Amino acid sequence: MAIKQGSINSEANASDRSGAATGPQGGGADANVNAAQIEVRQAADTRTTDIVVMKYPRRVVMPDLIRAIMGMVLCAGIAIAPDIIELLRWVAGALILLFAVYLLRTLLRMQSRVHVSEYGVRQSGVLSGAPFGWSELSGFRLRYFSTRRDGKKGWFEMTLQAAGTKLVAESTLQGFGHLLDLARDAATENQLMIDDVTRTNLMRLDEADNIMRAQARHGGATGEGQ
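Residues numbered from 1 in each chain as written. Predicted model: local features only at pLDDT ≥ 70, side-chain atom pairs only at ≥ 80, totals over all residues. Heavy atoms only, no water.

Draft legend 1. Structural detail: the pairing of strand β7 (residues 165–170). Pairing between strand β6 (residues 154–162) and β7: six bridges, direction antiparallel. The partner of A162 across the bridge, within β7, is T165. What sits between the antiparallel neighbours β6 and β7 is a turn of two residues, in which A163 has the positive phi angle 50°. (Pairing = 2+ DSSP bridges. Helix = DSSP H or I, 4+ residues; strand = E, 2+ residues; numbered from the N terminus.)

Next up, the structure:
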């Protein structure tokens, strides 16, 4: 074993000397080629590997939590009242179940985290799913739920699907706009079929962004004039 090892080292040293002897004609050309390849790879992939952790802020989740608890308590008081007709008792019981589902949904949102990068996304928490890359995105939907008849107040819900994994995020999520932009670009690159409702909601968001930018420019111009 010692003789073989010495032979290998001798051959390696001879190879190094021959490579050094070639100088700019051999090793220098290879170094230039390798450097060029590295520059091409770096230029082709300018995405960042930074991961942004998004969550639902407490100032948004806590009011929903309080409303759910108060609704359950109120309906429970009605359900156990002695002098009440049976129909109202059943209605109160059904409302208790609805508020319980709302409470569970709120608690899940409170502990949920969405890990986002320019390469992919992952959700952690009780309803955590497998991570997936943007190139694997196979489903993209955007829905709007209004709390008023005029539709001026409400929230958006985005659903992403890939390789058997589904991720649902609401517009109250911190950084929702960034997540939506990445998902929208991925849907375009993957040539996904977008339904009419999603397309309409995207146009609505674009219009709202344009209005906000116009107001910001107008406000800035007014401030400079003053």
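Draft legend 2. Summary view of the sheet that holds strand β5 (residues 139–146). Read across the open sheet, the three strands follow the order β5-β6-β7; overall the sheet is antiparallel. Across the chains shown, the open sheet's two edge strands, defined by having one partner strand only, are β5 and β7. This sheet shows a mean twist of 15° between the axes of neighbouring strands, independent of strand direction. Sheet topology places β5 next to β6; eight bridges connect them, and they run antiparallel. Each residue of the ladder has a partner; that of Y144, found in β6, is F156. (Axes fitted to C-alpha atoms, helices over the stretch in contact; angles between N-to-C directions.)

Draft legend 3. Broad picture of helix α3 (residues 58–79). Taking 1.5 Å per residue, 22 residues should reach 32 Å; α3 reaches 31 Å between its end C-alpha atoms and fits that length. Along α3, the positions that sit buried rather than exposed are V60, V61, D64, L65, A68, G71, C75 and A79. Each buried residue of α3 lies within a common arc of 130° when the element is viewed along its axis, so the set occupies one face. Along α3, exposed side chains directed more than 90 degrees from the buried face belong to R58, R59, M70, V73 and L74. Taken together, the buried residues of α3 touch α4 (86–111). (Expected span 1.5 Å × (residues − 1). Buried < 20%, exposed > 50% of the residue type's maximum accessible area, 1.4 Å probe, protein only. Arc of directions from axis to C-beta. Contact = heavy atoms within 4.5 Å.)

Draft legend 4. Seen up close, the packing of aromatic side chains. Scanning the model with the defined rule gives three aromatic pairs in all. When the centroid spacing of 6.4 Å and the interplanar angle of 85° are considered together, the rings of F132 and W134 count as edge-to-face. Using a relative accessible area of 5% as the deciding quantity, one classes F132 as buried. The ring of Y56 is capped by R109, whose NZ or CZ atom sits 5.5 Å from the centre of that ring. The ring of Y144 carries R204 above its face, with NZ or CZ at 4.7 Å from the centroid. (Phe/Tyr/Trp six-rings, centres within 6.5 Å; stacked < 30°, edge-to-face > 60°. Lys NZ or Arg CZ within 6 Å of the ring centre and 35° of its normal.)

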